[in-house]
Amino acid sequence: ATSLAGVLRTVMFAPEDMLLVAGSPSLRREALDRLVGERSPGYARDLAAYGRALQQRNGLLRRIREEQATRAELRFWDTSLVDAGAAVREGRARLLDALSGPLAAAHAEIAPDEAAAGRLGVAYATNASQQPGESVRDALARRLAETADKEVWNGSTLIGPHRDDMVFELDGRGLASFASRGQQRTAILAFKLAELDLLTDLDGHPPLLLLDDVFSELDPERRSHLVHRIAELPQAFVTTTTLDDLDPALRSVGTVWAVTAAADGTGRIERGG
């Protein structure tokens, strides 16, 4: 999958994406890392290097806790962790900077009244914040030193990109703590459309858009905006369990394929209008 990132770029909307604002931080890290990797092929290597260092360091911390190893042995993995961790943090930061404008613009298109009351943005939350004049790498190294005793007691690494988060904010307030279901859905849709714009800007070729039963959850205004975006793309795939959920304007320019269950339990695909 990693090798295909620069060959077949995709943007996908799915029902489970509705958890992106208020769900587990791991969902947001995954979405962020996927987008960074599609824009920067070398990022996958940095992320893999960080994962290896983290795994080895955690194993060593558990052995130290069990008095089967010494703290001096951490030095090698500390260096590997902060080197790779700094590269991951910096890659994510560059992406969020690039995402800021397209995200706010998409939000203003989808929900102009809401956007007039406050700008939609994303902030990076970390437990290794930089002090004045400090590099990302130095901040990670400092925080590792500060939490050394606690990490040995826990037997796991408590500082680093694997604990960071991407926070959706409206007018500077975290959406997860106050936003309605509709506001969260709007933010996620804006994020996906901003992702579409960022990937298109790489070479002028829009990514393949995949929509899994999304229209049934959208009000007429957001549905109209999404239909307009789809109509501009060379190709998109949309799935739905009820054909009536699709906007008539979209059905008029698309090809319908129906997947039904045959008598023997297998699937059958038929082309419609």
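Shown above is the structure to which this text applies.
To keep things clear, this report deals only with the structure shown in the data block.

## A few points about the sheet that holds strand β1 (residues 10-13)
The sheet built from 3 strands is open, its strands ordered β1-β5-β6 with parallel pairing. The sheet terminates laterally at β1 and β6 (236-239), the two strands that pair on one side only. Between one strand axis and the next, the sheet turns by 10 degrees as a mean value, whatever way the strands run. Bridging between strand β5 (residues 208-212) and β6 involves 4 bridges; their strand directions are parallel. Across the sheet, the residue bridging to D212 is T239, located in β6.

## Quick word on the nonpolar core
Ranked by size, the top nonpolar core spans 57 residues in total, and within it F13, L99, F168, F215 and L226 carry the most contacts. In terms of residues, this core owes the most to one element, helix α3 (residues 74-110), which gives 11 residues. Not counting residues up to four positions away in its chain, the partners in contact with L226 are F13, L189, L193, L211, V214, F215 and L218. Core analysis: the second largest hydrophobic core is formed by 6 residues, L61, I64, L74 and V152 among them.

## A closer look at unusual backbone geometry
One non-glycine residue, E67, lies in positive phi territory at about 60 degrees. Within the secondary structure, E67 sits in the loop between α2 (43-65) and α3. Even without glycine at this site, D171 takes up a positive phi of about 55 degrees. Along the chain, D171 turns up in the loop between β3 (165-170) and β4 (173-174). What makes D171 exposed here is its relative accessible area of 54%.

## With respect to a nonpolar patch on the surface
Among the surface-exposed residues, W257, V259 and I269 lie close enough to one another that they form a single nonpolar patch of about 370 Å² accessible area. Mapped onto the fold, V259 is located in strand β7 (residues 257-261). According to the relative accessible area criterion, V259 is exposed, its value standing at 63%.

## Quick look at the side chain of R29
Along the polypeptide, R29 turns up in helix α1 (residues 25-39). No salt bridge is formed by the buried R29. Its closest oppositely charged neighbour is D165, at 5.7 Å. At a separation of 3.3 Å, a polar atom in the side chain of R29 contacts the main-chain carbonyl oxygen of H162. With residues up to four places along the chain from it excluded, the contact list for R29 reads R92, P161, H162, R163 and D164.

## Examining the pairing of β7
Here β7 lies mainly on the outside; 0 of its 5 residues are buried. The hairpin formed by β7 and strand β8 (residues 267-271) contains 5 residues between the paired strands, and G265 there has a positive phi angle of roughly 90 degrees.

## Describing the packing of aromatic side chains
Tallied over the entire structure, the rule returns 2 aromatic pairs. When the ring of F168 is compared with that of F191, the centres are 5.7 Å apart and the planes differ by 75 degrees; the resulting orientation is edge-to-face. With F168 in strand β3 and F191 in helix α8 (residues 181-203), the pair connects residues that are 23 residues apart, well separated along the chain. An identical accessibility class is assigned to F168 and F191; each is buried. In this arrangement the basic side chain of R173 is found over the ring face of F178, its NZ or CZ atom lying 3.9 Å from the centre.

## So, helix α9 (residues 220-232)
Between the first and last C-alpha of α9 there are 19 Å, a value that for 13 residues agrees with the 18 Å anticipated at 1.5 Å per step. At its buried positions, α9 is contacted by β1, α3, α8, β5, β6 and α10 (248-253). For α9, the capping residue at the N-terminal end is D219, with a side-chain oxygen 3.2 Å from the backbone nitrogen of E221.

## So, the side chain of D164
Tracing the chain through its elements places D164 in the loop between α6 (148-154) and β3. Despite being buried, D164 has no salt bridge partner; R89 is the closest side chain of opposite charge, sitting 4.2 Å away. A polar contact is formed between the side chain of D164 and the side chain of Y124, at a distance of 2.7 Å. Excluding residues within four positions of it along the chain, D164 makes contact with R29, R89, R92, Y124, A125, T126 and N127.

## Concerning α8
With 23 residues, α8 should reach 33 Å at 1.5 Å per residue; the first-to-last C-alpha distance of 35 Å fits that figure. Of the residues trailing α8, G204 is marked for its positive phi of about 85 degrees.

Rules and cut-offs
- Residues numbered from 1 in each chain as written.
- Predicted model: local features only at pLDDT ≥ 70, side-chain atom pairs only at ≥ 80, totals over all residues.
- Heavy atoms only, no water.
- Pairing = 2+ DSSP bridges.
- Helix = DSSP H or I, 4+ residues; strand = E, 2+ residues; numbered from the N terminus.
- Axes fitted to C-alpha atoms, helices over the stretch in contact; angles between N-to-C directions.
- Core = buried A, V, L, I, M, F, W, Y, C linked by side-chain atoms within 4.5 Å.
- Buried < 20%, exposed > 50% of the residue type's maximum accessible area, 1.4 Å probe, protein only.
- Contact = heavy atoms within 4.5 Å.
- Patch = residues over 30% accessible without salt bridge, like charges linked within 9 Å, V, L, I, M, F, W, Y side chains within 5 Å.
- Areas by Shrake-Rupley, 256 points an atom, 1.4 Å probe, with all protein chains shown as cover.
- Salt bridge = Lys/Arg side-chain N within 4 Å of Asp/Glu carboxyl O.
- Lys, Arg positive; Asp, Glu negative; His and termini not counted.
- Polar contact = N/O pair within 3.5 Å; in protein donor to acceptor, adjacent residues only side chain to side chain.
- Phe/Tyr/Trp six-rings, centres within 6.5 Å; stacked < 30°, edge-to-face > 60°.
- Lys NZ or Arg CZ within 6 Å of the ring centre and 35° of its normal.
- Expected span 1.5 Å × (residues − 1).

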